[in-house]
Amino acid sequence: MMKTTCLICDGLLQFQKDTILNEIILCDDCGTELEVISIDPPKVAEAPMEEEDWGQ
Amino acid sequence: MTKLKVSIVGCSGYVGGELLRLLLFHDQVEIQQITSERFLGKPASRTHPNLRGITKLNYTSINDLEKCDTLFLCLPHGVSSSSINYFASKASQIIDLSSDFRICDDTLYEKWYGKKRKSSKYLENFVYGIPELHRDKMVNASYISSAGCNATAVILALYPFFKEDLVEKLPVISEAKVGTSEGGNKFSMATHHPERTGSIRSYMPVLHRHTAEMVQELSFNSTSKIHFSATAIQMVRGVLATSHIFLKRDLEERDIWSLYRKYYLDERFIRIVKERQGIYRLPDPKILIGTNYCDIGFVKDPNSNRVVVISAIDNLMKGAAGQAVQAFNISNNIDEIKALEFPGFHII
């Protein structure tokens, strides 16, 4: 299984067998959405995030 | 399977009630006695109505304690140490939830408690009760002193920084918003509903006794400088501690993630909570009510070496009864999450 790390928190990311290019995956640790930009070697980029209103 | 016989001394209070709730559902425990002088002869459900129909235990007197395997002491501060010989004659294991055996150093105790300790007897036998820091010493331990609630929230949040000597020689400032249950179940004019509701009470801006535990547990090569304040807010249960530390060297947030992973990756009751989306991005005690979790989050100030560390617990659980049950499990070689599996409510 291909492994890489989250760009934000360095958490371990494991690609599944069926992970495909441009898929959005979620970091288990910090919840950041990441886009798969390469399968082999495994690489991710931060996916565009919609600004959410977090309230006060 | 032989169950361990346990008794809870001083069970009519909030912490005693939580212990009873947890231990009634612990499949390796038989609760032998619960004591209360004030509610002598009355059923447990008189003080803990959530346990109606679950237990038929009635309160007995502390003077009628029978021998058991483990005694949980939920007594006012000063009482456990003054009667320790009596309690030690009744059980091979004592888990004390008061502050009597938390502070190892007499000078530190006197500084923060404003009086000399009544007795140092047994003190050296007690293991300080935060499992994540003292798990090895807890295995087969006979005497455990559970940590203070605010101390638990602050110590767990800051421990990796102090242990790795990353903190600048400046005082650390920590401020906790706390639930009113920290004050126990004794009432006064100050707790009268018209006075209490809606107020934000800076009840201990300085000199909070839990500071002694923070200094004790976070001092390694030199005595750490920690200043702690507590504010009671419109909340029944919970602690949210916000701590400001200045680092000796600049770290990126990824480095701080790694630091926490180094110490807490395998901890089952510590979660690093720092998310970029969603409603609960940083720790919030609201969703920890009834759980044994300590959630820790942080934000690094990009304009300085300051890290703001935020930690949340339920003061009656990870800050008292839950922590004590976790320590009990460890010390008796029981899976440490036994009776502590509850994941909390959302919404509540």
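Quick caveat: nothing in here was measured; it's all calculated off a predicted structure.

(A) Region of the structure containing the environment of B:K118. Its location among the elements puts B:K118 in the loop between α5 (106-113) and β6 (126-128). When the C-alpha positions of B:K118 and B:S36 are compared, they lie 23 Å apart, and in sequence the two are 82 residues distant.

(B) Molecular detail of the packing of helix α6 (residues 131-138) of chain B against helix α11 (residues 317-331) of chain B. All names here are of chain B. At a minimum axis separation of 10 Å, α6 and α11 run at an interaxial angle of 30°. Between α6 and α11, the angle is such that the two are roughly parallel. The crossing of α6 and α11 is right-handed. Note on element contacts: α11 touches α6 through K318, Q323, Q326, A327, I330 and S331, opposite P131, E132, R135 and M138. Looking at the contact of α6 with α11 residue by residue, the classes come out as 4 nonpolar, 3 polar and 3 charged.

(C) Geometry of the layout of surface pockets. Approximately 490 Å³ is the volume attributed to the second largest pocket. Lining the second largest pocket are 24 residues, with A:D29, B:R271, B:I272, B:V273 and B:E275 sitting closest to its centre. Elements with a minimum of two residues in the lining of the second largest pocket: α10 (253-264) and β12 (270-272) of chain B. Residues belonging to the lining of the second largest pocket are distributed by class as follows: 13 nonpolar, 2 polar and 9 charged.

(D) Fine view of the packing of aromatic side chains. Residue and element names in this part refer to chain B. In the structure shown here, the tally under the stated rule is 15 aromatic pairs over all chains. Judged by centre distance (5.6 Å) and plane angle (50°), the rings of F72 and F328 are tilted. With F72 in strand β4 (residues 68-73) and F328 in helix α11, this residue pair connects regions lying 256 residues apart in the sequence. For the pair shown, F72 and F328 are each scored as buried.

(E) The domain arrangement of chain B, seen in detail. Residues and elements named next belong to chain B. With domains assigned, chain B is organised as domain 1 (4-146 + 317-331) and domain 2 (150-313). For domain 1 versus domain 2, the separation of C-alpha centres amounts to 25 Å. On the side of domain 2, 29 residues touch domain 1, which itself brings 25 residues to the contact. For the pair domain 1 and domain 2, the summed buried surface comes to about 2400 Å²; carbon and sulfur atoms form 58% of the total. Of all residues in domain 1, W112, L133 and K318 bury the most surface against domain 2, accounting for 28% of the area lost on that side. Summed over the shared surface of domain 1 and domain 2, the result is 3 salt bridges. Residue R102 is joined to E213 by a salt bridge in which the shortest nitrogen-to-oxygen separation is 3.1 Å. Put simply, the parts of the chain that give the side of domain 1 that touches domain 2 at least two residues each are α1 (14-24), α5, α6 and α11.

Cut-offs used in this document
- Residues numbered from 1 in each chain as written.
- Chains lettered and ligands numbered in written order.
- Predicted model: local features only at pLDDT ≥ 70, side-chain atom pairs only at ≥ 80, totals over all residues.
- Heavy atoms only, no water.
- Helix = DSSP H or I, 4+ residues; strand = E, 2+ residues; numbered from the N terminus.
- Axes fitted to C-alpha atoms, helices over the stretch in contact; angles between N-to-C directions.
- Parallel < 35°, antiparallel > 145°, perpendicular 65-115°, else oblique.
- Left-handed = near helix turned anticlockwise from the far one by under 90°.
- Contact = heavy atoms within 4.5 Å.
- Nonpolar A, V, L, I, M, F, W, Y, C, P; charged D, E, K, R; others polar.
- 1 Å grid on protein atoms, 1.4 Å probe; cavity = no way out; pocket = protein on both sides within 12 Å on 5 of 7 lines; lining within 4 Å.
- Points joined across faces, edges and corners; volume = space filled by probe spheres on them.
- Phe/Tyr/Trp six-rings, centres within 6.5 Å; stacked < 30°, edge-to-face > 60°.
- Buried < 20%, exposed > 50% of the residue type's maximum accessible area, 1.4 Å probe, protein only.
- Domains from an automatic or database assignment.
- Buried area = accessible area lost by both parts, 1.4 Å probe.
- Salt bridge = Lys/Arg side-chain N within 4 Å of Asp/Glu carboxyl O.

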